[in-house]
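Structure assessment
For reference, the chains in residue letters:
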Amino acid sequence: MSGLAWGALYGLAAGLVIAIAALIGVWGERKVAGRIQMRIGPQELGPFGLLQTLADTLKLVLKEDITPAAADVRIFRIAPLIVFAPIAMSFVIIPYASGFAPLDTSVGILFFMAVPAISVIGVLLAGWSSRNTYATIGGLRAAAQMISYELPRTLSILPFVLLAGSMRPLDIMDEWRWWWIPLTFIAFIVYFISSIAEVNRGPFDLPEAESELVAGYFADYSGIRWAIFMMAEYGGMVAAALFGAVFWFGGYLHLPGALGVIMLIAVATLLAVAMIWVKWTFPRMRPDQLMGTAWKVLTPMALLQLVIVGVVIPWL
Amino acid sequence: MNLESVIFAILGIVAVSGGIVTVFARDVSRMAMGLGTFLVAVAGFFVYWGATFLGIVQLFVYIGGVLVLMIFAIMLVHRSPDGSPTIETRHDVAAIAVAGGLFFLVVTALRGAVPDSVDQGITSGPAELNEAFLGPMLTHFEMGGVLLLAVLVAVVVILGGDER
């Protein structure tokens, strides 16, 4: 029974972490975007406008939860949860401190790749059930994009499996050496770009391209259900940043004890800020460029990285 | 009745109800959802029996790949303004006959194949699978790879046929 209780606790913790990360993330995004565009960003509520997102959350919770008359009601209502739940699950395999990952499993790496893939179904169902051309096109684009970028993303993590000889995250952390950072640098670039595409953020936000598709697959959502989509996006971003900080930058290994955990969070925050920076710097890609990047640039890069690691390993 | 059997029962109920929805729903998108529920429950069964690797691969391939492609196809189907595509003809008798025959075949085939104790002969973790695939099963593994490569080449040839 204790296993289930711990599971429930971790689930609750992951939900809370995502909620807080989304709160801070939205504020951070608006501030960073403001600075990039030579504005100030939110500043009225609280110090540095910190309470702005809290006020927005209150607004979203109190707003009417509208279901379009033509929508497929049951699927429309459940779709945001199918998007959100797998993202929350992906947090459990990340090793946060020495010898501690909430779910310590021998297939951890694969888990992190496979479980968020379920949320593609939620995106497709949201686009489908809205009975709206914009939403349908957004859903189709999202599915094509997320499936394509899964491939380079999964390939980019394989160097660590090769180097450590294990898919258990804690084993990889035991084997981790500082020179893995330069050795796996190409894989990091592939991982970073395809993670941005995987969570549908700019410049890969074609599924929700506001200037042509209104908001894509969640165009018809309002209130709390819309907020769940946003939380899934920020949750995916935070999970990707944490995962990258752990495996590519050694996470907690550089400092002892709690300091290491703080360092992990700091590196992950830097990565998340970099993702926001990328979003507000680059223009949105064309669909053919998007697919070309995944298949003609990132996948060969990831394969090249695999070859490099494979050649290096016998000399270690 | 301990917790494990409760989890097993829940998985069974979810799998069977997913299957029932898949078979009896008229709305194609509901069918896809039922199939998804069933596939997740099957992944749950794999994990329940200790084959975590197989369970994760089940999620990756069948939920993240096959089911997404199915829903993708459903979305591209023309739909009438008042509803989603539905199954008009069912061929009930023939379907029941085929399903029953297949069930009989699978059960007869499995009766001899499944070991008495479930712990026997099941490779669970990635390390054991790795040893099996790169050891005694290497030929089978490589044959599978060659088959998949042939399939990929065939797809490219079929799809690229018009351009030449």
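Residues numbered from 1 in each chain as written. Chains lettered and ligands numbered in written order. Predicted model: local features only at pLDDT ≥ 70, side-chain atom pairs only at ≥ 80, totals over all residues. Heavy atoms only, no water.

Details of the interface of chain A and chain B
Each partner contributes residues to the interface: chain A has 32 residues there, and chain B has 26 residues. Overall, the association of chain A and chain B removes approximately 2,600 Å² of surface from exposure, summing both partners, and the carbon and sulfur fraction of that is 80%. Per-residue buried area on chain A facing chain B is highest for A:Ile121, A:Trp128 and A:Leu140; these three make up 25% of the total on that side. At the surface where chain A touches chain B, the tally comes to zero salt bridges. On inspection of chain A and its partner chain B, the count reaches zero residue pairs in polar contact (both at pLDDT 80 or more). Put simply, the parts of the chain that give the side of chain A that touches chain B at least two residues each are helix H3 (73–89), helix H4 (108–114), helix H5 (119–129) and helix H6 (133–164) of chain A. Considering every element that reaches the side of chain A that touches chain B, the biggest residue donor is H6(A), with eight residues. Taken together, the residues that form the side of chain A that touches chain B break down as 23 nonpolar, five polar and four charged. (Contact = heavy atoms within 4.5 Å. Buried area = accessible area lost by both parts, 1.4 Å probe. Salt bridge = Lys/Arg side-chain N within 4 Å of Asp/Glu carboxyl O. Polar contact = N/O pair within 3.5 Å; in protein donor to acceptor, adjacent residues only side chain to side chain. Helix = DSSP H or I, 4+ residues; strand = E, 2+ residues; numbered from the N terminus. Nonpolar A, V, L, I, M, F, W, Y, C, P; charged D, E, K, R; others polar.)

What to know about the confidence of the model for chain B
For chain B, the mean per-residue pLDDT works out to 79, and 82% of the residues sit at or above 70. Within chain B, the lowest mean pLDDT, 77, falls on helix H5 (residues 126–134) of chain B, and the highest, 87, falls on helix H6 (residues 138–160) of chain B. (pLDDT = per-residue confidence, 0-100.)

Topic: helix H11 (residues 223–249) of chain A
Its 27 residues place the ends of H11(A) 38 Å apart at the C-alpha level, agreeing with the 39 Å of an ideal helix rising 1.5 Å per residue. Following H11(A) by one or two positions, A:Gly250 adopts a phi angle in the positive range, close to 80°. (Expected span 1.5 Å × (residues − 1).)

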